[in-house]
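Residue-level structure breakdown
If you want the building blocks of each chain, they are given just below.
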Amino acid sequence: MQMQAQALDALVARVTAYHPEADTDLIRKAYLFGDHHHTGQKRKSGEPYFTHPVSVANVIAEMKLDTASLCAALLHDTVEDTKATLDDVAREFGDEVAFLVDGVTKLNKFNFSSKEDRQAESFRKMLLHMAKDIRVLLVKLADRLDNMRTLEHMSPDSRERIARETLDIFAPLANRLGMAWMKSELEDLAFKHLEPDGFKLLTEKTAELIKQREGYIERTTAFLTGRLSEAGFAVEVKGRVKHLYSVWRKMQAGACEFEQVYDVIAFRAVVESVSDCYAALGVVHGMFTPIPGRFKDYIALPKPNGYQSLHTTVIGKERERMEVQIRTREMHRVAELGIAAHWKYKERGRGADAGAPIDHRDAQRFHWLRELMQWQKELRDPQEFLESVRVDLFQDEVYVFTPKGDVRAFPRKATPIDFAYAIHSDVGDHCAGARVNGAIVPLRSQLRSGDVVDIITDSNKHPTKDWLEHAVTSKARSKIRAYLRIEQRDRSLRLGRELLERALHGASLSYAKAIKQGAMTRVVEHLKLHSVEDLLVQVGYGKVDASEVVAVLAPPEEKPPSEIKEGAVEKVIRKVTGRDTAGILVSGESDILVRFARCCSPLPGDEIVGFISRGRGVTVHRRQCDKGLDIDPERKLNVSWSSGAKVARPVVLRVITANRPGILAEVGSTFSKCEVNIDEANCRTAEGDRAINLFTFTATDLSSLKNVIRALQKVKGVLSVERV
């Protein structure tokens, strides 16, 4: 009890230090409520469970948020993990706190076909709340940060899954909110569990570098401070080593060793005004030789998360490359605190108005929230929605211009197709070509910062499947998929009517009369569909057999035992005598014709999804497969691996290595030690003194594949290993 009282007093003291008017009575009440309901629960580490909500609340205090956010942090797991209900929270702490708690609570009480669908829909739920109140996301990020800090107590598979999700979703979200410190810590913690050997290596190398270069950092910091002060600037200069994951990414991108990453150490100069930033840049370039192409002006063109600074890379006093960042004090505050530097809420509970942003211009910095809201309305499939979030929001950006001079930000590798859909959906749907900097270019051309793009339209032009190979933004990909699915549906509608008319004609029935007399409505109700059009589409897709419709309209007088009606899936996808079922269960049935998609080659252990294919049974894709996302969700079927399934499937790994003598032999030897026979190898050199190797071999399950990947990652000189 004494430790609890101390923890509560410490939290309250921390809050009142930055927010003297905080409702400390409500915070104490939330603490005691959460502590009571979590009594007896333990974390994986063996600690009392309530230590986690307290840690989350301390992260919220570190962000200097309000009372409601702190209460939500203390209560965020009560509805999900205890007998407390949302009504209890609302009654005790008000609707505002209850709304925040509900936004963070996962959807565990609903049935989903997979963990991935639950994850996607939980994220969608959080998004809906977040669009109304950004504090939902801030509490969720604080929750994820504390979970990552204690991740070592989870099982290896859980560690890998949670770390990957953190790297794919939550660290980029923190970045989008401009919270550099949280983004860096989340990335480093995920890196620690996803690449343990790489993390250990960089931790040791960085510690050694700091020890070796401590004098260099001090000398350079003093030199920059002195020269800028002499030039009349009120300046504060600091040197720092970049966080581990950013250095690792540079190593991967450049296919180089740690010693070859030049700008591991960066210097930051904080001055008084914007004009001082540019004037100080002139002084720095006067002292040191700037490296061409390494200057970025994020003051004139801020990042979408509001980040502003000047970045330049120069040859320093000791003949080494170094990065110098120049910004104002306000820019520095925004760079560190992100949205917390902009978004302030009035306290509620004493008759005050509801919390709201103090400046509408600050809300404009986070326009991507509105884009996310729009996508979640358009994308019904949970996995497609989550994929759109991963791909579109969380990449480095390029900045291009419209012919009128307006700036547009796009993910790297964006093409004119993405630009066209960003202008308007109709422009995208009828995009026939593009001029970039005045010259006609193919639609597959990648845009570069500074390009001026003009789209050529043609009313007779429409999206094709090839466009999906070149579009990268979520808006473009979702609009293209929507168009293609409408086409698929129309084709299936026509095919379904043709098949049904033929089947009815064979039974001496008339489709036109069945429609006129309302008999088809009876069929729709019998099959639990929405409309006659849906029925025709399902027949066209192959989900409903035309003979089923005939059986409802004209049931046979007698049915021999051998002709008992088959289920819809079983009737469409005929059982194949003697065919290996490949360990796949389709809607719970094991003797159904299945085929594996070649594009992603799923293995037992992979999360999978099935799509019905007329005449070819069920095609099974990995859930993350882009090709699977392109298929109409109406053709989706629930599929799963049968217990103990072992299926020999070809797998391709892309192994990027340093281009040095003997590396290929070491990689080949590693395959042999894992008892894997390489069926095919394709090796070539690439820029940056690296080699790209594609190895094809046979694997029987995901576990054995992961063992091979881990073994390859430990080979000195192997820069990355990924499944393709």
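Quantities reported herein were computed from a predicted structural model and do not represent experimental measurements.

Of note, the phi angle at Lys413 is positive, near 75°, even though the residue is not glycine. Along the chain, Lys413 falls in the loop between strand S8 (407-411) and helix H19 (416-423). A positive phi is found at Ser601, a non-glycine position, where the angle reads about 45°. Along the chain, the position of Ser601 falls in the loop between strand S13 (594-596) and strand S14 (608-613). Taking the relative accessible area as the measure of exposure, Ser601 reaches 9% and is therefore buried.

Strand order in the open sheet made by the three strands is S10-S9-S11, with antiparallel pairing throughout. Where the open sheet ends on each side, the last strands, each with one partner, are strand S10 (439-441) and strand S11 (453-457). Ignoring strand direction, the axes of neighbouring strands in this sheet form an average angle of 35°. Bridge count for strand S9 (residues 431-436) against S10 is three bridges, and the pairing is antiparallel. Looking at the pairing, Val436 lines up with Ala439 of S10.

We now examine the environment of Val594. Tracing the backbone shows Val594 in strand S13. The class of Val594 is buried, set by a relative accessible area of 4%. Expressed as a C-alpha distance, the spacing of Val594 and Phe611, which sit 17 residues apart in the sequence, is 9.7 Å.

Summed over the entire model, instances satisfying the criterion amount to 12 aromatic pairs. For the ring pair Phe223 and Phe288, a centre distance of 5.9 Å and an interplane angle of 45° mean the geometry is tilted. Residue Phe223 is found in helix H12 (residues 196-230), and its partner Phe288 is found in the loop between helix H14 (274-287) and strand S3 (289-290); the two are separated by 65 residues along the sequence. Where Phe671 meets Phe695, the ring centres are 5.2 Å apart and the plane angle is 55°; that geometry is what we call tilted. Taken as a pair, Phe671 in helix H29 (residues 663-673) and Phe695 in strand S20 (residues 690-699) lie far apart in primary sequence, 24 residues in all.

Within the structure shown, the criterion is met by 22 salt bridges. Where Asp143 meets Lys140, a salt bridge forms, and the shortest distance between an N and an O atom there is 3.6 Å. Remark: Lys140 and Asp143 occur in helix H9 (residues 135-149); sequence separation between them is three residues, near one turn of the helix. The partner of Glu165 in a salt bridge is Arg144, and the shortest N-O contact between them spans 2.4 Å. Placement of Glu165 in helix H10 (residues 156-176) and of Arg144 in helix H9 is noted, with a sequence separation of 21 residues between them.

Position of His311 among the secondary structure elements: in strand S5 (residues 310-315). On a C-alpha basis, the gap between His311 and Leu281 in space is 9.1 Å, while along the polypeptide they are 30 residues apart. Apart from residues no more than four positions distant in its own chain, His311 is found in contact with Arg294, Phe295, Lys296, Tyr298, Glu323, Val324 and Gln325. At 2.7 Å, the side chain of His311 and the side chain of Tyr307 are in polar contact.

On to the environment of Glu92, then. One can find Glu92 in helix H6 (residues 86-93). Residue classification places Glu92 among the partly exposed positions, given a relative accessible area of 32%. When the C-alpha atoms of Glu92 and Leu26 are compared, they prove to be 9.3 Å apart, with 66 residues separating the residues in sequence. If we skip the residues at most four places from it in the chain, Glu92 touches Leu26, Lys29 and Phe33.

On to the pairing of S5, then. Burial analysis of S5 places six of its six residues in the buried class, the great majority of the element. Here S5 shows two buried faces, one formed by Leu310, Thr312 and Val314 and the other by His311, Thr313 and Ile315. With two bridges connecting them, S3 and S5 associate as antiparallel partners. Residue pairing for S5: Thr289 is matched across the bridge by Ile315. With two bridges joining them, strand S4 (residues 296-297) and S5 adopt antiparallel strand pairing. Within the sheet, the bridge partner assigned to Asp297 lies in S5 and is Leu310. Here S5 folds back onto strand S6 (residues 321-328) in antiparallel fashion, the turn holding five residues, of which Arg319 has a positive phi close to 60°.

Further remarks concern the sheet that holds strand S21 (residues 718-723). Spatial strand order, S19-S20-S18-S21: four strands in an open sheet with antiparallel pairing. Each edge of the sheet is formed by a strand with only one pairing partner; in this case those strands are strand S19 (678-686) and S21. Each neighbouring strand pair of the sheet contributes to a mean axis angle of 20°, computed without reference to strand direction. Both S19 and S20 contribute to a ladder of eight bridges, which runs antiparallel. When the sheet's bridge partners are listed, Ala686 is paired in S20 with Arg690. Where helix H30 (residues 702-713) meets the sheet, it contacts strand S18 (649-658), S20 and S21, and its direction lies at approximately 165° from that of S21.

Once that is clear, we can look at the nonpolar core. By size, the foremost hydrophobic cluster in this structure holds 97 residues, and its most contacted members are Met63, Leu74, Leu141, Met179, Met182, Leu186 and Ile326. In this structure, Leu186 is in contact with Leu141, Arg144, Leu145, Met148, Thr166, Phe170, Ala171 and Ala174, ignoring residues within four places of it in sequence. Counting 22 residues, the second largest nonpolar core, distinct from the first, contains Phe419, Val453, Ala471 and Ala476.

All right, on to the confidence of the model for the protein then. For the protein, per-residue confidence averages 79 on the pLDDT scale, and 80% of positions sit at 70 or higher. Within the protein, no element has a lower average pLDDT than helix H27 (residues 568-572), which sits at 45, and none a higher one than H14, at 93. Low pLDDT (under 50) marks residues 107-113, which in the prediction has 14 contacts with non-local residues, meaning those over four places away or in another chain. Note on residues 558-581: pLDDT under 50 across the span, and 35 contacts to partners over four residues away in sequence or across chains.

Moving on, we come to H30. Count 3.6 residues to each turn of an α-helix, and residues three or four apart come out pointing the same way. Here H30 spans 16 Å end to end across 12 residues, near enough to the 16 Å set by a 1.5 Å rise per residue. All buried positions along H30 are accounted for by Leu702, Leu705, Val708, Ile709 and Leu712. In a view along the axis of H30, the buried residues occupy a sector of 120°, so they form one face of it. Next to the buried residues of H30 lie S18, H29, S20 and S21. Residue Asp701 occupies the N-cap position of H30, its side-chain oxygen lying 3.3 Å from the main-chain nitrogen of Ser703.

Rules of the game
- Residues numbered from 1 in each chain as written.
- Predicted model: local features only at pLDDT ≥ 70, side-chain atom pairs only at ≥ 80, totals over all residues.
- Heavy atoms only, no water.
- Helix = DSSP H or I, 4+ residues; strand = E, 2+ residues; numbered from the N terminus.
- Buried < 20%, exposed > 50% of the residue type's maximum accessible area, 1.4 Å probe, protein only.
- Pairing = 2+ DSSP bridges.
- Axes fitted to C-alpha atoms, helices over the stretch in contact; angles between N-to-C directions.
- Phe/Tyr/Trp six-rings, centres within 6.5 Å; stacked < 30°, edge-to-face > 60°.
- Salt bridge = Lys/Arg side-chain N within 4 Å of Asp/Glu carboxyl O.
- Contact = heavy atoms within 4.5 Å.
- Polar contact = N/O pair within 3.5 Å; in protein donor to acceptor, adjacent residues only side chain to side chain.
- Core = buried A, V, L, I, M, F, W, Y, C linked by side-chain atoms within 4.5 Å.
- pLDDT = per-residue confidence, 0-100.
- Expected span 1.5 Å × (residues − 1).
- Arc of directions from axis to C-beta.

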